[in-house]
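Chain and residue survey
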Amino acid sequence: MSEQLDLGLGAAAPVEGEPGRGRAGAVAGSETEGATAGAAAGNEPRSAPPAAGRGPGGPPPPSDEQRAVLEFRTDLVVTAAAGSGKTRTLVDLYAALLGGPGRVGPEPLRPGEILCLTFTERAAREIQARVRDRIADPALLRELEAAPIGTFHGWCAGLLRDHPLEAGIDPRFAVLAEEAADDLLRGAAVETLRRGLETGDEPARIAVEILGLGEAAARLAELVRDVRTAGWSDRDVISRFEARLEEVAAEAAGPLAGEVDAAAGDLVGLVVGTLTTPKAIGYLRDFERALGAWRAARTDDSAAGLDAAARAPSHSWKGVKEERHAVLAAIERWSAARLELAHALQLGAWPALVVSVRAASRAARAARAALDYDDLLLRSRELLAGHAGVIEPVRARHRVILVDEHQDTDPVQDAILRLLLG
């Protein structure tokens, strides 16, 4: 069980998580809700412990919330508003871990045993500088210069360079700039579609027919980026599409059709007995016949008939405008689900193409002995998950993991943290 602490700005609540095997995790984030096992700190807290290697005196004693972080008896998540002191408390914890025993094992930690991750090089340099200002011991200062304080991507790049054989990559790999990676991905999408058109590939034909070559390639590149950020496998892409179709079919047959029935029935109940003109009464008879046809057979034609019948009496039925619109909105939702099912073949083109484009872009990067930023994370996750001979030494080396701005982690980064924490 991890704990969630608030730095005096909100309610504390427990957060489920697995404690690390001999390690502890600290997560810092502003206004974050939920995180991996860890402790959260932030920008400017209300107090700080004595610096490692320095004498007594200095700032006032820490608050109860900060003391819980600094004692570090369990994995913690700390939440607070931006600028309230989370990153500063994380720095305090880093210095405290170097300054005395009892928090993680009988001896004080060395800088190389604390893995500190954030999201920008600038933030990493700032954290390192703040820790440096808290340290007086020359030996610790020398070790701090090589301490693992950096970005997720930077740490993952180092991990892959240390284990290229296990990761199945060229040890001399280059890291593509974001713009270059985007160009390569878009080129792979265009080439996949062109090759598909030449070979009679049905998904490629459908995509280009719907959007045109350029727009279809751009859409595919966007989908591939989203899939990679989510950490989905090729099987996930296809299975999630199939699951979505099943979900839509169930919604159309059940809740969405029920919403149409309920809204139409409510409308009839409101107007029956209130209509006085033959025209208004005629509209009611038409609507009731359309509703009966819909309930007898829920088809596109019966839905269209009910829609038309609900629109007809726009000025003859007074005081039921919202109820008529509720019927029209319910029919629209049902029709949208039916359309999604009817276009299943067209929609199915995209998952198949996403898998193809992702494979083509990965091959293009491999041909250049290059990885992009997503590769760094995805390959590291695969490496850590699939090689006990890699992850166990990494876990042993990093006895504490500190994460600043944890709320910004994506699913792959979070998975890496969970692997490291064990």
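Residues numbered from 1 in each chain as written. Predicted model: local features only at pLDDT ≥ 70, side-chain atom pairs only at ≥ 80, totals over all residues. Heavy atoms only, no water.

**Observations regarding the packing of helix H11 (residues 255-271) against helix H14 (residues 321-342)**
Applicable threshold: To define axes, lines are fitted to C-alpha atoms, for helices over the stretch in contact only, and angles between the resulting N-to-C directions are given on a 0 to 180 degree scale. Under the DSSP-based scheme used, a helix requires at least four consecutive residues in state H or I and a strand at least two consecutive residues in state E, with every element numbered from the N terminus. Angle categories are assigned with fixed cut-offs, so that under 35 degrees is roughly parallel, over 145 is roughly antiparallel, 65 to 115 is roughly perpendicular, and the rest are oblique. A crossing counts as left-handed when the near helix is turned anticlockwise from the far one by less than a right angle, and as right-handed when that turn is clockwise. By definition, residues are in contact when any of their heavy atoms lie within 4.5 Å.
One can describe the packing of H11 onto H14 by two numbers: an axis separation of 8 Å at closest approach and a directional angle of 160 degrees. Taken together, the axes of H11 and H14 lie roughly antiparallel to each other. The element H11 and its partner H14 pack so that their crossing is left-handed. When H11 is examined against H14, the residues Leu 256, Ala 257, Glu 259, Val 260, Ala 263, Ala 264, Leu 267 and Leu 270 are found in contact with a partner set consisting of Glu 323, Arg 324, Ala 326, Val 327, Ala 330, Ile 331, Arg 333, Trp 334 and Ala 337.

**Overview of the packing of aromatic side chains**
In plain terms, the rule: We call Phe, Tyr and Trp rings a pair once their centres come within 6.5 Å, taking the six-membered ring for Trp, and we label the pair stacked below 30 degrees between planes, edge-to-face above 60, and tilted otherwise. Under the scheme applied here, a residue whose accessible area is under 20% of the maximum for its type counts as buried, over 50% as exposed, and between as partly exposed, the area being computed with a 1.4 Å probe on protein chains only. Two limits define a charge over a ring: the Lys NZ or Arg CZ must be within 6 Å of the ring centre, and within 35 degrees of the ring normal.
Evaluation of the coordinates by the stated rule reveals 3 aromatic pairs. Ring geometry for Phe 119 against Phe 152: centres 5.3 Å apart, planes inclined by 40 degrees, an arrangement best described as tilted. Of this pair, Phe 119 sits in the loop between strand E5 (114-118) and helix H3 (121-133) while Phe 152 sits in helix H5 (residues 152-162), placing them 33 residues apart in sequence. In this structure Phe 152 comes out as buried when scored by relative accessible area, which is 2%. Geometrically, the ring pair formed by Phe 287 and Trp 317 is edge-to-face, given 6.1 Å between the ring centres and 80 degrees between the ring planes. Note that Phe 287 is positioned in helix H12 (residues 278-296) and Trp 317 in the loop between helix H13 (300-311) and H14, a separation of 30 residues in sequence. On the accessibility criterion, Trp 317 (4% relative accessible area) is buried. Positioned over the ring face of Phe 173 is Arg 161, at 3.9 Å from the centre of the ring.

**Section: the pattern of salt bridges**
Formally: What counts as a salt bridge is simple: a side-chain nitrogen of Lys or Arg found within 4 Å of a carboxyl oxygen of Asp or Glu.
If you walk through the whole model with that rule in mind, you get 26 salt bridges. Arg 110 serves as the salt-bridge partner of Glu 143, at 2.6 Å between the closest nitrogen and oxygen. Of this pair, Glu 143 sits in helix H4 (residues 138-144) while Arg 110 sits in the loop between helix H2 (86-99) and E5, and the two are 33 residues apart along the sequence. In this structure, Arg 172 engages Asp 170 in a salt bridge whose closest nitrogen and oxygen atoms are separated by 3.2 Å. You can call Arg 172 exposed: its relative accessible area is 68%. Judged by its relative accessible area of 26%, Asp 170 is partly exposed.

**Points about the nonpolar core**
The nonpolar side chains of soluble globular proteins are, as a tendency, buried together. What counts here: Residues grouped as a nonpolar core are buried Ala, Val, Leu, Ile, Met, Phe, Trp, Tyr and Cys residues, joined through side-chain atoms within 4.5 Å.
Counting 29 residues, the largest nonpolar core has Phe 287, Trp 294, Leu 306, Trp 317 and Trp 334 as the members making the most contacts within it. Put simply, the parts of the chain that give this core at least two residues each are helix H10 (234-253), H11, H12, H13 and H14. Considering every element that reaches this core, the biggest residue donor is H11, with 8 residues. Not counting chain neighbours up to four residues away, the residues in contact with Phe 287 comprise Ala 264, Leu 267, Val 268, Leu 306, Ala 309, Ala 310, Trp 317 and Val 327. By size, the runner-up hydrophobic cluster in this structure holds 27 residues, among which are Ala 157, Leu 159, Ala 167 and Val 412.

**Some thoughts on the side chain of Asp 414**
Operational definition: Pairs of N or O atoms are called polar contacts if they sit within 3.5 Å, as long as, within protein, a hydrogen donor faces a hydrogen acceptor (for residues adjacent in sequence, only side-chain-to-side-chain pairs).
Assignment of secondary structure puts Asp 414 in helix H18 (residues 411-421). We classify Asp 414 as buried; its relative accessible area is 15%. Here the side chain of Asp 414 touches Arg 418 through a polar contact of 2.9 Å, side chain to side chain.

**A few points about the packing of H10 against H11**
Taken N-terminus to C-terminus, the directions of H10 and H11 make an angle of 25 degrees; their axes are 3 Å apart at the nearest point. Relative to H11, the element H10 is oriented roughly parallel. Contacts between H10 and H11 pair Ala 250, Glu 251, Ala 252 and Ala 253 from the former with Pro 255, Leu 256 and Ala 257 from the latter.

**Some thoughts on the pairing of strand E9 (residues 400-403)**
Put simply, the rule is: Pairs of strands are assigned from DSSP output, requiring at least two bridges between the strands.
Alternating positions in E9 separate into two faces, Val 400 and Leu 402 on one and Ile 401 and Val 403 on the other, with burial throughout. Relative to E9, E5 is paired through 4 bridges, and the arrangement is parallel. Bridged to Leu 115 within E9 is Ile 401.

**Some details on helix H8 (residues 202-211)**
Every buried residue of H8 is listed here: Ala 204, Ile 206, Ala 207 and Val 208. Two or three places before Ala 204, at the start of H8, stands the capping residue Asp 201, its side-chain oxygen 3.0 Å from that residue's backbone nitrogen. Two residues or fewer past H8, Gly 212 is found with a positive phi of approximately 90 degrees.

**Observations concerning the side chain of Ser 380**
Locating Ser 380 in the fold gives a position in helix H16 (residues 373-386). The buried category is assigned to Ser 380, whose relative accessible area is 0%. In this structure, Ser 380 is in contact with Cys 156, Leu 159, Leu 160, Asp 375 and Ile 416, ignoring residues within four places of it in sequence.

**A look at the pairing of E5**
In terms of residue burial, E5 counts as a mostly covered element, since 5 of its 5 residues are buried. Looking at chain direction, E5 and strand E6 (residues 149-151) are connected through 3 bridges and run parallel. The residue bridging Thr 118 from the neighbouring strand is Thr 151, located in E6.

**Side note on H14**
Inclusion rule: By definition here, a helix of n residues has an expected span of 1.5 Å times n minus one.
Along its 22 residues, H14 runs 31 Å from first to last C-alpha, staying within 8% of the 32 Å computed at 1.5 Å per residue. Residues Arg 324, Val 327, Leu 328, Ala 330, Ile 331, Trp 334 and Ala 337 constitute the buried set of H14. Tucked inside the fold, the buried residues of H14 contact H10, H11, H12 and H13.

**Some remarks on the confidence of the model for the protein**
Rule in force here: The predictor rates its confidence in each residue with pLDDT, a number between 0 and 100.
Taken residue by residue, the protein gives an average pLDDT of 81. The fraction at 70 or more is 79%. This stretch, residues 30-58, has a pLDDT under 50; its non-local contacts, to residues over four places away or in other chains, come to 135 contacts.

**Remarks on unusual backbone geometry**
With a phi angle near 50 degrees, Ala 369 is a residue other than glycine that sits in the positive phi range. Looking at the secondary structure, you find Ala 369 in the loop between helix H15 (344-367) and strand E8 (370-371). Overall, Ala 369 belongs to the partly exposed group, its relative accessible area being 23%. Its identity as a non-glycine residue notwithstanding, Glu 405 has a phi of 55 degrees, on the positive side. One can find Glu 405 in the loop between E9 and H18.

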